[in-house]
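Now for the letters of each chain:
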Amino acid sequence: MLAYSAQELILEPFAGLVFAMTPGQSTQLSGVQQRLEARAPVESLVLSVAQRLDRKSDAAKVAEARPPGNREEGGGMIDQAMIRVLDGERVDPPPVWIMRQAGRYLPEYRELRARAKNFLTFCYSPALACEAVLQPLRRFDLDAAILFSDILVIPDALGRKVRFVEGEGPRLDPLSKEEIWRLGAPEDVAAHLAPVYETVERLRAALPRQTPLIGFAGGPWTVATYMIQGEGGEKDRSREVAYRRPGDVDSLLAVLVEATARHLAAQAAAGADCLQIFESWSEGLSETLFERLIIAPTRALMTRLRALGAIAPVIGFPRGAGALIGRYARETGVTALGVDTQTPASFARAEAPQGMPLQGNLDPQLLVCGGRSFEAGARRVVEAFRPAPHIFNLGHGITPQTPPEHVTALLKAIRRA
Ligand code: 1CP
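A quick note: this is a predicted structure, and the numbers were derived from the prediction, not measured.

A. The overall build of the chain, seen in detail. Scanning the chain from N- to C-terminus turns up 19 helices and 13 strands. Sorting the 417 residues of the chain into buried and exposed places 47% on the buried side. Partitioning the contacts of the chain with sequence separation of at least 6, the portion at a separation of at least 24 is 72%.

This is the structure we're talking about:
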């Protein structure tokens, strides 16, 4: 583990990139910096970074081989409807996946979960994690699979203690001021998370080619709130810390940007077809804080991800961002915008850049209820996003109370819309 001290840590906002560097770890990044200074062509920069980071060269090669919207393999085109939408095409009926589609609402998931010692062991067991991903796909005709993992594997990989309390959710030891400077090196997270990439590789081999695999990570601020408070929720404490100790929080975000970029790039290199950033705690921020804690770190994350050679489309999901979703959509560099339950589709369409793919946003509680009004609600969502390129989803994750047969009814309703 690498120890940061306040004197050693330099925050280097350079050409839109934010790097956390210590003298000991700066060799790799200073090479990038030198190339930028020498104004090397962007492609050669991307390739040289890619070649030096194991697996990344694969992603760079895919960049040349993959025509937009499709993967080419053995001379044949692989048509993935969701990837076509992410490339800007309107597809009718829209492709569908469901946030948290693997999980506690499925009895077979609960049975599988009981087999693992704890939740993180589950996430780091490729056989169990693959099974969790495939369970909802066996039941439902979904248009995408999502990796089974969690946003809190990043704090775990950075050396923080993460535990999942039955019925309560995740708990971490709140990060003290001093501990912010003693986190593990963000460059090392991919080694710790190797079992996750093995899961991605196995899934890509197991899934039908037309089913895209979604990789994911938490947004830097969302993960930071768990690390600062020890539990979820953009509660008052994280905001207070952001005001009182801006240097500490900005440093934490810089470490998370680097760690998350590497984690997402490794998922793409292992075979993830697209990526989602879950910024689940975007709510309750003033415009000034939103700019500092969400927009700037996400923009740095996107820049870094692309510099690492990952070309996969990225869905940004700033849940609770409200009136600020337009700034998020325009300024972070994400490919597509995830829209939460309370945001009207018409507002998202007006605020996002023309033609940006949108994802969302049926109320998960309506899916719990089922029945006629739910089917009409699902069709209304489809209509409301027209004519934008649209991926149908819930406005947040499916809840454990949802009867699985309501998902079957949902797919039917959308495909009749
Ligand atoms: O014991 C269990 O089974 C715990 C339930 C559970 C599951 C199924 C947790 C704990 N995480 C997961 C998997 C998970 N987490 C996935 C893959 C499953 C899928 O989507 O099919 C994903 C994408 C996540 C992402 C995640 N974890 C988010 C972002 C999405 C969201 O809901 O906003 C967040 C905030 C977390 C933290 C977390 N992990 C687990 C829970 C219950 C929570 C949320 C708790 C809270 O509200 O603070």
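B. Focus on unusual backbone geometry. Residue Asn-361 follows Gly-360 across a cis peptide bond; omega there is -20°. Assignment of secondary structure puts Asn-361 in strand β12 (residues 358–362). With omega at 0°, the peptide bond leading from Arg-386 into Pro-387 counts as cis. Despite not being glycine, Arg-100 shows a phi value in the positive range, around 65°. According to the C-beta neighbour criterion, Arg-100 is partly exposed, with 17 such atoms within 10 Å.

C. Representation of the sheet that holds strand β13 (residues 390–394). Taking strand neighbours across the sheet as the criterion, the seven strands line up as β5-β8-β9-β10-β11-β12-β13 in an open arrangement whose pairing is parallel. A single partner strand is all that each edge strand has here, and the edge strands are β5 (145–146) and β13. Summarising the sheet, strand β9 (residues 274–279) and strand β10 (residues 314–318) pair through five bridges and their orientation is parallel. The residue bridging Leu-275 from the neighbouring strand is Val-314, located in β10. The strands touched by helix α13 (residues 246–270) are β8 (213–218) and β9; relative to β8, the strand with the most contacts, the crossing angle is about 170°. Contacts from helix α18 (residues 372–385) reach β12 and β13 within the one sheet, and its direction differs from that of β12 by about 155°.

D. Structural context of the confidence of the model for the chain. Taken as a whole, the chain shows an average pLDDT of 84; of its residues, 81% reach a score of 70 or greater. A low-confidence stretch, residues 1–71 stays under pLDDT 50, and its non-local contacts, those more than four residues away or across chains, total 109 contacts.

E. Fine view of the site of the ligand. Close contacts around the ligand come from 21 residues, with Ala-102, Gly-169, Gly-232, Phe-278 and Ser-280 the closest. For the shell around the ligand, a count of residues per class yields eleven nonpolar, six polar and four charged.

F. Layout of the pairing of strand β6 (residues 162–165). Here β6 runs beside strand β7 (residues 169–172); their pairing, made up of four bridges, is antiparallel. Bridged to Phe-164 within β7 is Pro-170. Where β6 hands over to β7, the hairpin turn is made up of three residues, of which Gly-167 adopts a positive phi near 75°.

G. Summary view of α13. Here α13 is 25 residues long and its end C-alpha atoms lie 36 Å apart, about the 36 Å a rise of 1.5 Å per residue gives. Directly after α13, the chain includes Gly-271, whose backbone phi takes a positive value near 130°.

H. Structural context of the pairing of β13. Among the five residues in β13, five count as buried, and that is most of the element. Judged from the five bridges that link them, β12 and β13 form a sheet pairing that is parallel. The residue bridging Asn-361 from the neighbouring strand is Asn-393, located in β13.

I. Summary view of the packing of helix α11 (residues 220–229) against helix α12 (residues 236–244). Look at α11 against α12: their axes get within 9 Å of each other, and the N-to-C directions meet at 95°. One finds that α11 runs roughly perpendicular with respect to α12. Residues Thr-225, Ile-228 and Gln-229 of α11 form the contact with α12, whose own contacting residues are Arg-237, Ser-238 and Val-241. Looking at the contact of α11 with α12 residue by residue, the classes come out as two nonpolar, three polar and one charged.

J. Quick look at the nonpolar core. Counting 121 residues, the largest nonpolar core has Val-133, Leu-147, Ile-154, Ile-214 and Ala-272 as the members making the most contacts within it. What Ile-214 contacts, discounting residues up to four positions off in sequence, is Ala-144, Ala-145, Ile-146, Leu-147, Ala-272, Cys-274, Leu-275 and Gln-276.

K. Molecular detail of the environment of His-406. Considering the arrangement of structural elements, one finds His-406 in helix α19 (residues 404–416). Note: C-alpha distance between His-406 and Leu-367 (39 residues apart in sequence) is 6.4 Å. With sequence-adjacent residues up to four places away left out, His-406 is seen in contact with Leu-367 and Gly-370.

L. Structural context of helix α7 (residues 126–139). Here α7 contains 14 residues, and its C-alpha end-to-end distance of 21 Å stays within 8% of the 20 Å for a straight helix at 1.5 Å per residue. Among the residues of α7, Ala-129, Cys-130, Ala-132, Val-133, Gln-135 and Pro-136 are the ones counted as buried. In this fold, the buried residues of α7 make contact with α5 (107–113), α6 (119–123), β5 and α10 (194–206).

M. Focus on the environment of Arg-304. Take Arg-304: it is sitting in helix α14 (residues 287–307). Separated by 42 residues in the primary sequence, Arg-304 and Arg-262 have C-alpha atoms spaced 8.3 Å apart.

N. A look at the environment of Asp-143. Turning to its location among the elements, Asp-143 is positioned in the loop between α7 and β5. Setting aside anything within four residues of it in sequence, one finds Asp-143 in contact with Ala-81, Met-82, Pro-95, Val-96 and Trp-97.

Basis of the calculations
- Residues numbered from 1 in each chain as written.
- Predicted model: local features only at pLDDT ≥ 70, side-chain atom pairs only at ≥ 80, totals over all residues.
- Helix = DSSP H or I, 4+ residues; strand = E, 2+ residues; numbered from the N terminus.
- Buried ≥ 20, exposed ≤ 12 C-beta atoms within 10 Å, placed from the backbone.
- Contact = placed C-beta atoms within 7 Å.
- Pairing = 2+ DSSP bridges.
- Axes fitted to C-alpha atoms, helices over the stretch in contact; angles between N-to-C directions.
- pLDDT = per-residue confidence, 0-100.
- Near = placed C-beta within 6 Å.
- Nonpolar A, V, L, I, M, F, W, Y, C, P; charged D, E, K, R; others polar.
- Expected span 1.5 Å × (residues − 1).
- Parallel < 35°, antiparallel > 145°, perpendicular 65-115°, else oblique.
- Core = buried A, V, L, I, M, F, W, Y, C linked by C-beta atoms within 7 Å.

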